[in-house]
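An overview of the molecular structure
Okay, here's what each chain looks like letter by letter:
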Amino acid sequence: MDVIRLLAIRETPLSVDEVVAAVGDHAAGGTTLFIGTVRDLDEGRDVELLSYSAHPSAEAELRRVAEKVAADFPVTALAAVHRVGDLALGDIAVIVAVACPHRGEAFAASRRLIDDLKHEVPIWKNQRFADGSAEWVGAC
(Lines give C-alpha, C1' and ligand atoms only; values in the text may rest on other atoms or scores of the structure.)
Protein backbone atom coordinates (compact mmCIF):
# COMPACT_ATOMS: atom_id res chain seq x y z
CA MET A 1 0.00 0.00 0.00
CA ASP A 2 1.24 3.49 -0.86
CA VAL A 3 2.20 5.50 2.24
CA ILE A 4 0.89 8.65 0.55
CA ARG A 5 -2.76 8.29 1.47
CA LEU A 6 -4.25 11.69 0.61
CA LEU A 7 -3.02 14.66 -1.41
CA ALA A 8 -5.31 17.40 -2.67
CA ILE A 9 -5.70 21.04 -3.50
CA ARG A 10 -9.34 22.00 -3.05
CA GLU A 11 -11.70 24.96 -3.28
CA THR A 12 -13.95 23.45 -0.59
CA PRO A 13 -13.40 23.51 3.20
CA LEU A 14 -10.83 21.03 4.51
CA SER A 15 -11.64 18.26 6.97
CA VAL A 16 -9.33 17.44 9.87
CA ASP A 17 -11.25 14.18 10.40
CA GLU A 18 -10.62 13.13 6.78
CA VAL A 19 -6.89 13.76 7.10
CA VAL A 20 -6.58 11.98 10.46
CA ALA A 21 -8.50 8.98 9.10
CA ALA A 22 -6.26 8.87 6.03
CA VAL A 23 -3.08 8.44 8.09
CA GLY A 24 -4.42 5.95 10.61
CA ASP A 25 -2.02 3.00 10.64
CA HIS A 26 -1.37 0.27 13.22
CA ALA A 27 2.35 0.35 12.41
CA ALA A 28 2.59 3.96 13.59
CA GLY A 29 3.56 4.80 17.14
CA GLY A 30 3.46 8.53 16.43
CA THR A 31 1.18 10.65 14.29
CA THR A 32 1.58 14.40 13.90
CA LEU A 33 -1.01 16.82 12.61
CA PHE A 34 -0.44 20.41 11.52
CA ILE A 35 -3.38 22.72 10.82
CA GLY A 36 -2.70 26.11 9.26
CA THR A 37 -5.49 28.67 9.75
CA VAL A 38 -6.14 32.22 8.61
CA ARG A 39 -5.04 34.59 11.36
CA ASP A 40 -6.24 38.15 11.92
CA LEU A 41 -2.86 39.88 12.10
CA ASP A 42 0.28 39.81 9.95
CA GLU A 43 3.29 41.96 10.77
CA GLY A 44 1.13 44.35 12.78
CA ARG A 45 -1.54 44.77 10.09
CA ASP A 46 -5.15 43.63 10.47
CA VAL A 47 -5.97 40.88 7.96
CA GLU A 48 -9.53 40.70 6.62
CA LEU A 49 -9.23 37.69 4.32
CA LEU A 50 -6.85 35.60 2.26
CA SER A 51 -7.20 34.39 -1.28
CA TYR A 52 -5.07 31.43 -2.37
CA SER A 53 -4.27 30.60 -6.00
CA ALA A 54 -2.47 27.53 -7.30
CA HIS A 55 -0.60 26.84 -10.52
CA PRO A 56 -1.99 23.89 -12.54
CA SER A 57 1.18 21.93 -11.63
CA ALA A 58 0.61 22.39 -7.88
CA GLU A 59 -0.81 18.91 -7.20
CA ALA A 60 2.05 17.26 -9.10
CA GLU A 61 4.54 19.35 -7.11
CA LEU A 62 2.75 18.43 -3.88
CA ARG A 63 3.14 14.75 -4.81
CA ARG A 64 6.86 15.26 -5.53
CA VAL A 65 7.35 16.90 -2.11
CA ALA A 66 5.38 14.12 -0.38
CA GLU A 67 7.37 11.40 -2.17
CA LYS A 68 10.64 12.99 -1.06
CA VAL A 69 9.48 13.13 2.57
CA ALA A 70 8.33 9.50 2.37
CA ALA A 71 11.72 8.50 0.95
CA ASP A 72 13.72 10.40 3.58
CA PHE A 73 11.79 9.28 6.68
CA PRO A 74 10.26 5.97 7.85
CA VAL A 75 6.75 7.14 7.01
CA THR A 76 3.90 4.66 7.38
CA ALA A 77 1.24 7.14 6.19
CA LEU A 78 1.18 10.72 4.95
CA ALA A 79 -1.53 13.22 3.95
CA ALA A 80 -1.54 16.86 2.83
CA VAL A 81 -4.40 19.07 1.67
CA HIS A 82 -4.37 22.77 0.81
CA ARG A 83 -7.30 25.03 0.13
CA VAL A 84 -7.53 27.63 -2.64
CA GLY A 85 -9.98 30.47 -3.15
CA ASP A 86 -11.16 33.06 -0.63
CA LEU A 87 -10.74 32.15 3.05
CA ALA A 88 -12.11 34.05 6.03
CA LEU A 89 -10.47 34.51 9.41
CA GLY A 90 -10.26 31.17 11.21
CA ASP A 91 -10.68 29.06 8.05
CA ILE A 92 -8.32 26.13 7.60
CA ALA A 93 -5.85 26.77 4.76
CA VAL A 94 -3.67 23.66 5.00
CA ILE A 95 -3.52 20.35 6.87
CA VAL A 96 -0.62 17.91 6.89
CA ALA A 97 -0.36 14.69 8.86
CA VAL A 98 2.40 12.11 9.07
CA ALA A 99 2.46 8.75 10.82
CA CYS A 100 5.76 7.01 11.62
CA PRO A 101 6.88 4.22 13.94
CA HIS A 102 8.16 6.76 16.50
CA ARG A 103 7.15 10.30 17.52
CA GLY A 104 10.49 11.95 16.75
CA GLU A 105 10.38 10.70 13.18
CA ALA A 106 6.77 11.82 12.83
CA PHE A 107 7.59 15.34 14.08
CA ALA A 108 10.62 15.65 11.77
CA ALA A 109 8.78 14.34 8.71
CA SER A 110 5.77 16.55 9.36
CA ARG A 111 7.97 19.62 9.74
CA ARG A 112 9.74 18.84 6.47
CA LEU A 113 6.42 18.23 4.71
CA ILE A 114 4.85 21.56 5.68
CA ASP A 115 8.07 23.53 5.15
CA ASP A 116 8.71 22.03 1.70
CA LEU A 117 5.04 22.43 0.74
CA LYS A 118 5.22 26.15 1.61
CA HIS A 119 8.53 26.66 -0.22
CA GLU A 120 8.20 24.42 -3.28
CA VAL A 121 4.54 23.97 -4.21
CA PRO A 122 3.30 26.83 -6.46
CA ILE A 123 0.52 28.17 -4.27
CA TRP A 124 0.27 31.93 -3.74
CA LYS A 125 -1.50 33.89 -1.05
CA ASN A 126 -3.06 37.32 -1.51
CA GLN A 127 -3.62 38.99 1.86
CA ARG A 128 -6.24 41.69 2.07
CA PHE A 129 -5.91 44.11 4.97
CA ALA A 130 -8.42 46.22 6.89
CA ASP A 131 -6.82 49.41 5.55
CA GLY A 132 -7.76 48.40 1.98
CA SER A 133 -4.26 47.34 0.96
CA ALA A 134 -3.28 43.89 -0.28
CA GLU A 135 -0.09 41.93 -0.89
CA TRP A 136 0.97 38.67 -2.52
CA VAL A 137 3.00 36.28 -0.41
CA GLY A 138 4.44 32.81 -0.70
CA ALA A 139 5.37 32.73 -4.38
CA CYS A 140 7.86 29.88 -4.56
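Relevant structure appears above.
Residues numbered from 1 in each chain as written. Predicted model: local features only at pLDDT ≥ 70, side-chain atom pairs only at ≥ 80, totals over all residues. Heavy atoms only, no water.

Considerations on the overall build of the protein chain
A count of helices and strands for the protein chain gives three helices and nine strands. By the compact-globule yardstick of 14 Å for 140 residues, the protein chain fits well, its C-alpha radius of gyration being 15 Å. Across the protein chain, the fraction of contacts at a sequence separation of at least 24, relative to all contacts at a separation of at least 6, is 73%. Of the accessible surface of the protein chain, which amounts to about 7200 Å², a share of 52% is contributed by carbon and sulfur atoms. (Helix = DSSP H or I, 4+ residues; strand = E, 2+ residues; numbered from the N terminus. Rg over C-alpha atoms; globule rule 2.2 N^0.38 Å. Contact = heavy atoms within 4.5 Å. Areas by Shrake-Rupley, 256 points an atom, 1.4 Å probe, with all protein chains shown as cover.)

What about the packing of helix H2 (residues 58-72) against helix H3 (residues 103-120)?
Axes are the key here: two packed helices are described by the angle between their axes and the distance separating the axes. The N-to-C vectors of H2 and H3 enclose an angle of 155°; their axes lie 10 Å apart at closest approach. In terms of axis orientation, H2 runs roughly antiparallel to H3. Judged by the twist between their axes, the crossing of H2 over H3 is right-handed. In contact with Glu61, Leu62, Arg64, Val65, Ala66, Val69 and Asp72 of H2, H3 contributes Ala109, Arg112, Leu113, Asp116, Leu117 and Glu120. In terms of residue class, the contact of H2 with H3 is made up of seven nonpolar, no polar and six charged. (Axes fitted to C-alpha atoms, helices over the stretch in contact; angles between N-to-C directions. Parallel < 35°, antiparallel > 145°, perpendicular 65-115°, else oblique. Left-handed = near helix turned anticlockwise from the far one by under 90°. Nonpolar A, V, L, I, M, F, W, Y, C, P; charged D, E, K, R; others polar.)

So, helix H1 (residues 16-23)
All of the buried residues along H1 are Val19, Ala22 and Val23. Take H1 and look down its axis: the buried residues cluster within an arc of 90°, on one side only. Exposed and oriented more than 90 degrees from the buried face of H1 are Asp17 and Ala21. As for H1, its buried residues are in contact with strand S1 (4-10), strand S2 (30-37), strand S5 (77-83) and strand S7 (92-100). For H1, the capping residue at the N-terminal end is Ser15, with a side-chain oxygen 3.4 Å from the backbone nitrogen of Asp17. (Buried < 20%, exposed > 50% of the residue type's maximum accessible area, 1.4 Å probe, protein only. Arc of directions from axis to C-beta. Polar contact = N/O pair within 3.5 Å; in protein donor to acceptor, adjacent residues only side chain to side chain.)

Focus: the pairing of S7
Taking burial as the measure, the nine residues of S7 include nine buried ones, the bulk of the element. Bridge count for S2 against S7 is eight bridges, and the pairing is antiparallel. Residue pairing for S7: Thr37 is matched across the bridge by Ile92. As paired strands, S5 and S7 are joined by six bridges and run antiparallel to one another. Residue pairing for S7: Leu78 is matched across the bridge by Val98. (Pairing = 2+ DSSP bridges.)

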